[in-house]
Amino acid sequence: MRHYEVMIILHPTQDERTAATSLDKYLEIIRKDKGTVEKVDVWGKRHLAYPIEKQEEGVYIVVNLDCESESVQEMDRLLNLSDAVLRTKVLRADK
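Before going into details, it helps to say that this report is about the structure given with it. Everything numeric here is computed off the predicted structure, so don't read it as measured data.

**A few points about the pattern of salt bridges**
Line of reasoning, step 1. Going through the model one piece at a time under the given rule, you end up with three salt bridges.
Line of reasoning, step 2. Across the salt bridge formed by R31 and E28, the nearest N and O atoms sit 3.9 Å from each other. Of this pair, R31 and E28 both sit in helix α2 (residues 24–32), separated by three residues, roughly a single helical turn.

**Quick word on the nonpolar core**
Line of reasoning, step 1. With 18 residues, the main nonpolar core has I8, L65 and M75 as its most contacted residues.
Line of reasoning, step 2. Among the secondary structure elements, those contributing two or more residues to this core are β1 (2–10), α2, β3 (55–67) and α3 (69–81).
Line of reasoning, step 3. A per-element tally of this core places β3 first, with five residues.
Line of reasoning, step 4. Those residues within four positions of L65 in sequence are excluded, and the remaining contacts are R2, H3, Y4, V6, L27, I30, T36, V37, E38, V72 and M75.
Line of reasoning, step 5. Membership of the second largest hydrophobic core comes to five residues, among which are I9, L48, Y60 and L86.

**Observations concerning the packing of aromatic side chains**
Line of reasoning, step 1. If you walk through the whole model with that rule in mind, you get one aromatic pair.
Line of reasoning, step 2. Taken together, a centroid distance of 6.3 Å and an interplanar angle of 10 degrees make the contact between W43 and Y60 stacked. Of the two residues, W43 sits in strand β2 (residues 36–52) while Y60 sits in strand β3, which places them 17 residues apart along the sequence.
Line of reasoning, step 3. Given a relative accessible area of 38%, W43 falls into the partly exposed group.

Conventions used here
Residue positions are given per chain, counted from 1 along the sequence in the order it is written. Per-residue local features of the predicted model are confined to residues with pLDDT of at least 70, and side-chain atom pairs are confined, for both listing and counting, to 80 or more; whole-chain, interface and lining totals are unaffected and use all residues. Processing note: side-chain calculations cover all non-hydrogen atoms of the structure and skip hydrogens and water entirely. Note on definitions: salt bridges are taken to be side-chain nitrogens of Lys or Arg within 4 Å of carboxyl oxygens of Asp or Glu. Numbered from the N terminus, helices here are DSSP runs of H or I no shorter than four residues, and strands are runs of E no shorter than two. What makes a nonpolar core is a set of buried Ala, Val, Leu, Ile, Met, Phe, Trp, Tyr and Cys residues whose side-chain atoms join them at distances within 4.5 Å. Per-residue accessibility, obtained with a 1.4 Å probe over protein chains only, is compared with the maximum for each type, and a residue is labelled buried under 20%, exposed over 50%, and partly exposed between these values. The contact criterion used is simple: two residues touch if any of their non-hydrogen atoms lie within 4.5 Å. Aromatic pairs are defined between Phe, Tyr and Trp rings, using the six-membered ring for Trp, whenever the two ring centres lie within 6.5 Å; interplanar angles under 30 degrees are classed as stacked, those over 60 as edge-to-face, and all others as tilted.

Right under this line is the structure:
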């Protein structure tokens with residue numbers, strides 16, 4: 001298993017308080033494949049460096065997890081299909 005850090009930028013109309021719980025269906029992919037979700041850190045609404053889909057702001061979430069590469073690729077694929085997600089970035093991190 002490898003350690004990953006996933007940055008997710010949600011559409012600014014998403015509620016910051018429920019952002020972490022709205023990701024549960026995506027994080028279930030990791031848990032189902034015997035991975036672990038260490039931390040879900042909601043940074044809140046922030047100004048973007050450049051507009052994405054004509055949006056100037058987004059709700060930032062950082063997720064730390066340990067899993068296999070196939071699991072994180074599938075989660076990233078499904079996140080990118082969601083209309084609520086503006087952008088994702090997956091980094092393989094060293095512990």
